[in-house]
Protein chains: 2
Amino acid sequence: MSRIVALDTTDIRFPTSLSLDGSDAMNPDPDYSAAYAVVRTDVDDAGHAFVFTIGRGNDVQVAAIDALAGHLVGREIEPLLDDMGGTFRELIRDSQLRWLGPEKGVMHMAIGAVINALWDIKAKRAGLPLWQLLARMTPEEIVGLVDFRYLGNALTRDDALAILRDAVPGRAEREQQLFATGYPGYTTSPGWLGYSDEKLERLAREAMAAGFTQIKLKVGADLHDDIRRFRKAREVCGPDFPIAIDANQRWEVAEAIEWVNALAEFRPAWVEEPTSPDDILGHAEIARGVAPIRVATGEHAQNRMIFKQLLQANAIEVMQIDAVRVAGVNENIANLLLAAKFGVPVCPHAGGVGLCEAVQHLSMFDFVAVSGSREGRMIEYVDHLHEHFVTPTAIRGGSYMPPSASGSGMEMKADSIAEYTWKGQHVFV
Amino acid sequence: MSRIVALDTTDIRFPTSLSLDGSDAMNPDPDYSAAYAVVRTDVDDAGHAFVFTIGRGNDVQVAAIDALAGHLVGREIEPLLDDMGGTFRELIRDSQLRWLGPEKGVMHMAIGAVINALWDIKAKRAGLPLWQLLARMTPEEIVGLVDFRYLGNALTRDDALAILRDAVPGRAEREQQLFATGYPGYTTSPGWLGYSDEKLERLAREAMAAGFTQIKLKVGADLHDDIRRFRKAREVCGPDFPIAIDANQRWEVAEAIEWVNALAEFRPAWVEEPTSPDDILGHAEIARGVAPIRVATGEHAQNRMIFKQLLQANAIEVMQIDAVRVAGVNENIANLLLAAKFGVPVCPHAGGVGLCEAVQHLSMFDFVAVSGSREGRMIEYVDHLHEHFVTPTAIRGGSYMPPSASGSGMEMKADSIAEYTWKGQHVFV
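Residues numbered from 1 in each chain as written. Chains lettered and ligands numbered in written order. Predicted model: local features only at pLDDT ≥ 70, side-chain atom pairs only at ≥ 80, totals over all residues. Heavy atoms only, no water.

- An unreviewed UniProt entry lists chain A under the name L-fuconate dehydratase, from Microbacterium natoriense.
- UniProt, in its Catalytic activity (unreviewed entry) section for chain A, records the words "L-fuconate = 2-dehydro-3-deoxy-L-fuconate + H2O". (UniProt positions renumbered as here; feature names shortened; annotations may be inferred.)

### Here we look at the sheet that holds strand β3 (residues 46–53) of chain A
Across a sheet, strands are paired by hydrogen bonds formed along the backbone, either parallel or antiparallel in direction.
Residues and elements named next belong to chain A.
Then, number 1: If you walk across this open sheet you meet the three strands as β1-β2-β3, and the pairing is antiparallel. Bordering the open sheet on either side are β1 (4–13) and β3, each of which pairs with just one other strand. Averaged over neighbouring strand pairs, the angle between their axes works out to 15° when direction is ignored.
Then, number 2: Running over the sheet, helix α6 (residues 105–126) touches β1, β2 (33–41) and β3 and is turned about 145° from β3. (Pairing = 2+ DSSP bridges. Helix = DSSP H or I, 4+ residues; strand = E, 2+ residues; numbered from the N terminus. Axes fitted to C-alpha atoms, helices over the stretch in contact; angles between N-to-C directions. Contact = heavy atoms within 4.5 Å.)

### As for the UniProt feature "domain: Mandelate racemase/muconate lactonizing enzyme C-terminal" (unreviewed entry) in chain A
Then, number 1: Taking the UniProt record as the reference, the feature "domain: Mandelate racemase/muconate lactonizing enzyme C-terminal" (unreviewed entry) is found at residues 197–293 of chain A.
Then, number 2: Measuring from the first to the last C-alpha atom of residues 197–293 of chain A gives 25 Å, for a span that is 52% helix and 10% strand.

### What to know about the sheet that holds strand β3 (residues 46–53) of chain B
Residues and elements named next belong to chain B.
Then, number 1: The antiparallel open sheet is built from three strands, whose spatial order is β1-β2-β3. At either margin of the open sheet sits one strand with a lone partner, and together these are β1 (4–13) and β3. If you compare each strand with its neighbour and ignore which way they point, the axes differ by 15° on average.
Then, number 2: Across nine bridges, β1 lies against strand β2 (residues 33–41) in antiparallel orientation. Bridging from a neighbouring strand, Thr10 pairs with Tyr36 of β2.
Then, number 3: The strands that helix α1 (residues 58–66) touches are β1, β2 and β3; relative to β1, the one it contacts most, it runs at about 175°.

### Details of the packing of aromatic side chains
Then, number 1: Within this structure, the stated rule accounts for 20 aromatic pairs over all chains.
Then, number 2: With 6.0 Å between their ring centres and 55° between their planes, Phe50(A) and Phe389(A) make a pair best called tilted. Taken together, the positions of Phe50(A) in strand β3 and Phe389(A) in the loop between β10 (379–381) and β11 (394–396) put the pair 339 residues apart, joining distant regions of the chain. This pair shows no difference in class: Phe50(A) is buried, exactly as Phe389(A) is.
Then, number 3: Taken together, the ring pairs connect Tyr32(A), Phe52(A) and Trp99(B) into an aromatic cluster.
Then, number 4: The ring centre of Tyr195(A) lies 3.9 Å from the NZ or CZ of Lys199(A), which sits over that ring. (Phe/Tyr/Trp six-rings, centres within 6.5 Å; stacked < 30°, edge-to-face > 60°. Buried < 20%, exposed > 50% of the residue type's maximum accessible area, 1.4 Å probe, protein only. Lys NZ or Arg CZ within 6 Å of the ring centre and 35° of its normal.)

### Looking at the interface of chain A and chain B
Then, number 1: Contact with chain A, which involves 62 residues of that partner, is made by 62 residues of chain B.
Then, number 2: Approximately 5100 Å² of surface area, both sides summed, lies buried where chain A meets chain B, with 53% of it carried by carbon and sulfur atoms.
Then, number 3: Where chain A touches chain B, the interface holds six salt bridges.
Then, number 4: Among the salt bridges present, the one from Lys104(A) reaches Asp278(B), with a minimum N-O distance of 2.8 Å.
Then, number 5: Summed over the shared surface of chain A and chain B, the result is 41 residue pairs in polar contact (both at pLDDT 80 or more).
Then, number 6: Elements with a minimum of two residues in the side of chain A that touches chain B: β3, α1 (58–66), α5 (95–98), α6, α14 (280–290) and α15 (304–312) of chain A.
Then, number 7: Of the residues in the side of chain A that touches chain B, the class split is 27 nonpolar, 19 polar and 16 charged. (Buried area = accessible area lost by both parts, 1.4 Å probe. Salt bridge = Lys/Arg side-chain N within 4 Å of Asp/Glu carboxyl O. Polar contact = N/O pair within 3.5 Å; in protein donor to acceptor, adjacent residues only side chain to side chain. Nonpolar A, V, L, I, M, F, W, Y, C, P; charged D, E, K, R; others polar.)

### Details of the nonpolar core
Then, number 1: Ranked by size, the top nonpolar core spans 292 residues in total, and within it Trp119(A) and Trp119(B) carry the most contacts.
Then, number 2: Discounting residues that sit within four places of it in the chain, Trp119(B) has contacts with Met84(B), Leu130(B), Leu133(B), Leu134(B), Met137(B), Leu145(B), Val329(B) and Asn330(B). (Core = buried A, V, L, I, M, F, W, Y, C linked by side-chain atoms within 4.5 Å.)

### Some points on the relation of the copies chain A and chain B
Then, number 1: Mapping chain A onto chain B leaves a residual RMSD of 0.0 Å; the transformation is a rotation of 180° accompanied by 0.0 Å of translation along its axis. Classification of the inter-copy transformation places it as that of a two-fold axis. Taking C-alpha positions as the reference, the residue of chain A nearest the rotation axis is Gly105(A), at 2.4 Å.
Then, number 2: A share of 100% of interface residues in chain A that are also interface residues in chain B marks the association as one of identical surfaces. (Least-squares fit on C-alpha atoms with pLDDT ≥ 70 in both.)

### Examining the pairing of strand β4 (residues 183–191) of chain B
Residue and element names in this part refer to chain B.
Then, number 1: Judged by how many residues are buried, β4 sits mostly within the fold: nine of nine residues are covered.
Then, number 2: As judged from the two bridges shared by β4 and strand β12 (residues 399–401), these two strands associate in the antiparallel manner. Counted as the bridge partner of Tyr183 is Tyr400 from β12.
Then, number 3: Sheet topology note: the β4/strand β10 (residues 379–381) ladder contains three bridges and is parallel. Bridging across to β10, Thr187 finds its partner in Tyr381.
Then, number 4: Where β4 and strand β5 (residues 215–218) come together, two bridges link them in parallel fashion.

### Looking at helix α16 (residues 328–342) of chain B
All names here are of chain B.
Then, number 1: The end-to-end C-alpha distance of α16, which contains 15 residues, comes to 21 Å, matching closely the 21 Å that a straight helix rising 1.5 Å per residue would cover.
Then, number 2: Of all 15 residues in α16, twelve are buried, a share of seventy percent or more.
Then, number 3: What α16 keeps buried is the set Gly328, Val329, Asn330, Glu331, Asn332, Ile333, Ala334, Asn335, Leu336, Leu337, Leu338 and Ala339. (Expected span 1.5 Å × (residues − 1).)

This is the structure:
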C-alpha cells in the first residue's frame, strides 16, 4: 500500500500571444497556459495532468485544483485507483463543491485534472499507455467508470454494455491497425486569423504534403476576409481536399446560417462552434439551416449533459470532445459512449498546451473498444508546444502514431515547468 | 473624479450544517458561505457584494473575484458607473477569463460579484435603493445594460425596448403599490429534509399565519417520506393553500415524471429542479409528462442562454432567477426581459446568505419597469442569517416591503464578517 502525500500545483503560462499563434475571432491574444497538477505518493511515483487555459485566470484554475487536496492527501492510493468510477463519483458528487458548477467551469475542470492525474499514475503502474490500459478493460469495468446520472433518457448502463460488448471482437486486430497506420489527424496550423495570406497558403501546402486528412480555417471576424482566405485555401488544396471552418462562437443563430451559406461554394467540411456552446437549440436550428454542411462542436461543452442534448436534438454531426474541459477520462468515456449510441463520429479538439498528447489516448481507446471505427474520424493537430512534454505526439504521414510510453501523456518536462512558471508577467531574456 | 483603490475579498462561512438548515436531497450538509467582495474608492466609499456558496470551495470563489482586480484597481470609477453596460461587457468578454467558462461557473459568478458591487456603490451615490435606481432609468438606458449576444433568436434590442416602453405608464403607481403592500413572499422554512414531521407541521402553520403566499417542501430522497410529509403539510394547510415541491436536481427524466405524478394528488403548486439544470430538453420532457403541474427552475441556470432555451422549449412555466448565480444585475435584467417576452412569471430563488436581501431589488424593478405585474409572482423567503446584513429584509404579512436604504442590500455587518471569516475550520466558543 502507498499513500498520497501531496497534490502539487503550478501556474504555467507560455507567451503565445506574441506570435498570434492561436488567434481566432473570439480569442485574439491567447497565452496558452496550464494549471498543472501532480499527485505524489510516498513510494515516489506521481501522476501528472493539467487544465488548459489561455492566460489570465490560470491562477483561479490552480486554486480550484488546490481545493481538492482534502479529498486525496493522506489517503491510500490503491483503493482510489482500483475503483476509478467510485473515485470519480466521490469528487463530482461532493455536494459543497458541486454548488460551484454544478459540473461545469473551473471547479469541474479541476476535478478533471485530478482524475486525469490518477489515471496517469494508474497507467504508469500498469506499464501501459492510457489508451491501451482502457482498451483492455472489460465492458463491465468500463461501464463502472461512468456516472450515468442524467443520461437515463439517452444512454443506460445496458446500452453502454451492449456497445462495448459489440466491440470486443476485433480489439486485438484494431490495436495492430493503430500500430501500423496510426489514427488520422487534421491540422488547424494554417488557419489562425492572425496569419497573413502567404503564411496561410504556405502552411496549407505543407499540411497536405505532410499527409493530414483535413485543414481548418478560423472564420467569423469579417466575411470578405473569410471568402478571400477560403478561396486561397481552395486554390492551394484543390476542389476535393476537406477544409473545415471554425467560428469560435462568434455568431448569432441567424447570422451563422447566413455566413456559412455565403461560404458554401467552398464546401466546408464542417462548421465548428457557430454560436454559444450552451445553445443546444441554436445549434439545432443552425444545423437545419446550413445542411448539408455539417455542424461540429464540443470543445467548450461543459459536461455529458450538453453532449447528450446536442445529440438528442440532431444539433451536431461531428462531436468534438476535449481532454480537459470536462471531469477527465471518466466523463469523456460517457461522451464517447453517447456518440457511439447516436452514431456520430468523434473528432476531438486539440492544440493548446498538451491537448494533442492527452486526447489521442481517448480516440485510440474509442477505436479499439467503443466505436470500433476510424471512419470519418480524426484528431485535431496543431504544431505548438509539444517540445515541453516528456512523451510528445508522434505524427507520421499526418496520423497520430499510438503512444507506447506508459501513462496518460500529460507529463511536462521539469525544465519547461521551471522556465514557464508564471512570475506575474512574461519575462524574456 | 475618484479612483478604485482596492477590491477586497473575504471568505465567510456559517456553520449551518450543524442544524440541518438548508438540507435537501442533493445538499445534505451545506455550510452557507459568502465569497465577499468590496470595491473601495479613494473618496472612502465602497460597494459590497458576494457570491453565495455552501462551504468547501468558497476559497476558490474568492480567488476568482481576486482575479478581476486588474480590471478595476487604479481606474477612475465614474466612467465605469456611468456605463454599466460597457463595464459589464468588458468583464464578460475578457477573452482569456472567458475561456474558464465560458460565461458559467466560478469565473462568471465572480464577475457577477464585481458587477453587483459596482451597482451597490452606484445606488449609494444616487441615494437610492437599487430597485428604484433601476426602475427610474429610461427604457433606452436599461437596454444599454444588456448584452444581447446569443439572444438574437429570442429577444432583440427592439423587443426589449418595446417591453420596457409598454411598462413606462404606471411606473409611479406601481412604486406606490409596492410601498403600500410590498411584494409577495413564499417560504421554504418548513420544508427542509432534515426536519422532523413535527417541525414541518409547526413551521407550516407559522408560515400560513405569517401571511406567506405559499410554502415549499424538499422532496426526492424517498417517495414514501415525501408522500407522508406532503400529506401532513396538506392537512395543516388545507386543500387550497399553494404548496410547491423542490427536488434539487435529484431525478432522471422518467423518474421525475413518475415521482411527481405520484405526488399529484396533493396538487403541488410547482415542481422545482426536477433534474440537471443543464438539461433543457429533459425539463421540456418533464413539463409535458407532469402537466398541468408546472415545472420551475433557474437557481442553477448558469446564464441567459440557458434561460432563453428553457423558455423556447416550453420547459418551464415558472422562472427562478438567482441574484448571484449569473453575472450580476446586468445579466439578470436580460433574464427578466426574456421572461417578459415569453410571458412567464419570475419567482426568484432566495434564502442562503443574503439572497433575499439581494434579489428583492430585481423583482421590484421587474414589477415597476419590466413585467408590470405581481400576478402569480413571489419571492422565496427563508428566515436564516438576515441578522448579518446592514439592511435586512423587512417582511410584513408575508410580503417583502421595499427597501428604502440606498444600495443593493448586499452589505454585511462588519462584526459578522469578522466573526465568520473562515479560519480553516469552524470555531465555536
